[in-house]
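Overview (structure and organization)
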Amino acid sequence: MWRSRSSDDVGRMMSVATAHWELVFWEHQGGAQAAVLGPEAKASPAPVPDDAVFFGISFALGTSMPHIPVSRLVGGNAAIPDVTRRSLWLKGSAWHVPDYDNAEAFVRRMVREGIVDVDPVVPAVLSGTGPEVSERTLQRRFVAATGLTQGAIRQIHRARQAAVLIQEGLPTQEVVHRLGYFDQPHLARSLKRYVGRTATQLSAPDETEPLSLLYKTFP
């Protein structure tokens with residue numbers, strides 16, 4: 001879970017690649033909105049509404065909403081209709097809009113009512129203990145449940161980790177060695193694709209276009 005507020009002087013930011021889908025709620029100019037944000041396979045700049053308040057729930061890999069297939073949301077989003085500050089409609093039922101304090105209860109209700117489901121193949125594969133089925137079957141179920149391939153998810157996670165290490169001051173050569181990149185050009189390509197920044201930019205961030213490694217930007 002996360003929460004944030006935008007400022008008047010930031011009109012856009014870098015939307016960093018992420019393997020997770022999220023349920024996001026925000027208030028802007030007196031109105032309330034909500035959307036399911038899909039995984040992002042690459043970094044891209046995105047607008048940020050001024051003076052808006054956000055709250056988001058990021059779901060574990062393998063979790064999905066069967067009525068909104070995550071594989072159709074990669075790089076996109078699905079707006080949730082009829083949202084007010086107090087309520088929303090979700091799969092034909094009225095729900096109270098969650099906040100940071102009751103989000104876990106909100107998710108538990110989603111599980112009880114079958115709004116979300118989990119394919120156990122995904123956590124099993126990620127832990128190296130996948131079921132004894134064909135590689136093609138594993139890949140198909142993995143993509144259906146996450147929207148991304150195993151390789152893409154590993155690359156995204158590694159690039160995000162590399163960005164954090166560089167921002168913390170670790171030399172790029174040490175990052176290459178620690179995370180298993182072939183060389184510095186390999187690291188540079190990965191950062192540019194998945195984080196939208198070079199190592200130099202991460203070491204001295206540009207305040208005119210903020211970067212968040214914790215969440216994506218909004219529709």
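Residues numbered from 1 in each chain as written. Predicted model: local features only at pLDDT ≥ 70, side-chain atom pairs only at ≥ 80, totals over all residues. Heavy atoms only, no water.

A word on the overall build of the chain. When helices and strands are tallied, the chain shows seven helices and twelve strands. For a compact globule of 219 residues, the expected C-alpha radius of gyration is about 17 Å, and the chain comes in at 18 Å, within 12% of that figure. Projecting the C-alpha coordinates of the chain onto the three principal axes gives extents of approximately 55 × 55 × 25 Å. Burial analysis of the chain (219 residues in total) assigns 44% to the buried set. Within the chain, contacts between residues at least 6 apart in sequence are counted, and of these 69% link residues at least 24 apart. As displayed, the chain offers around 11,700 Å² of accessible surface, 51% of which is attributable to carbon and sulfur atoms. Between the averaged position of the 23 positive side-chain charges in the chain and that of its 22 negative side-chain charges there is a distance of 6 Å. (Helix = DSSP H or I, 4+ residues; strand = E, 2+ residues; numbered from the N terminus. Rg over C-alpha atoms; globule rule 2.2 N^0.38 Å. Buried < 20%, exposed > 50% of the residue type's maximum accessible area, 1.4 Å probe, protein only. Contact = heavy atoms within 4.5 Å. Areas by Shrake-Rupley, 256 points an atom, 1.4 Å probe, with all protein chains shown as cover. Lys, Arg positive; Asp, Glu negative; His and termini not counted. Charge placed at Lys NZ, Arg CZ, Asp CG, Glu CD.)

A few words on the packing of helix α4 (residues 150–167) against helix α6 (residues 184–194). As a packed pair, α4 and α6 sit with axes 9 Å apart at the nearest point and diverge in direction by 100 degrees. On the basis of the axis angle, α4 is roughly perpendicular to α6. For the pair formed by α4 and α6, the contact residues are Gln 155, Ile 156, Arg 158, Ala 159, Ala 162, Ala 163 and Ile 166 on the first element and His 186, Leu 187, Ser 190, Leu 191 and Tyr 194 on the second. Looking at the contact of α4 with α6 residue by residue, the class counts come to eight nonpolar, three polar and one charged. (Axes fitted to C-alpha atoms, helices over the stretch in contact; angles between N-to-C directions. Parallel < 35°, antiparallel > 145°, perpendicular 65-115°, else oblique. Nonpolar A, V, L, I, M, F, W, Y, C, P; charged D, E, K, R; others polar.)

A separate point is the confidence of the model for the chain. Of the residues in the chain, 90% have a pLDDT of 70 or more, and the chain-wide mean is 86. Predicted confidence is poor over residues 213–219, with pLDDT under 50, and the contacts of this stretch with residues over four places away or in other chains come to 34 contacts. (pLDDT = per-residue confidence, 0-100.)

Looking at the element boundaries, Leu 191 is found in helix α6. Given a relative accessible area of 0%, Leu 191 falls into the buried group. Distance from Leu 191 to Arg 158, taken between C-alpha atoms, is 9.3 Å for residues 33 residues apart in sequence.

The residue His 28 is located in strand β3 (residues 22–28) in this model. A relative accessible area of 19% places His 28 in the buried class. Discounting chain neighbours no more than four positions away, the residues touching His 28 are Pro 49, Asp 50, Asp 51 and Ala 52.

Glancing now at unusual backbone geometry. Not every positive phi belongs to a glycine, and Gln 29 is a case in point at roughly 55 degrees. Note that Gln 29 resides in the loop between β3 and β4 (31–37). In this model, Asp 82 sits at a positive phi of 55 degrees, which is unusual for a non-glycine residue. Mapped onto the elements of the fold, Asp 82 is located in the loop between β8 (77–79) and β9 (87–90).

Restricting attention to buried positions, one finds in helix α1 (residues 103–112) the residues Ala 103, Phe 106 and Met 110. Along the long axis of α1, the arc covered by the buried residues comes to 60 degrees, so they all point the same way. Along α1, the residues that are exposed and aim more than 90 degrees away from the buried face are Glu 104, Val 111 and Arg 112. If you follow the buried residues of α1, they end up packed against β3, β6 (53–58), β9 and β10 (93–96). (Arc of directions from axis to C-beta.)

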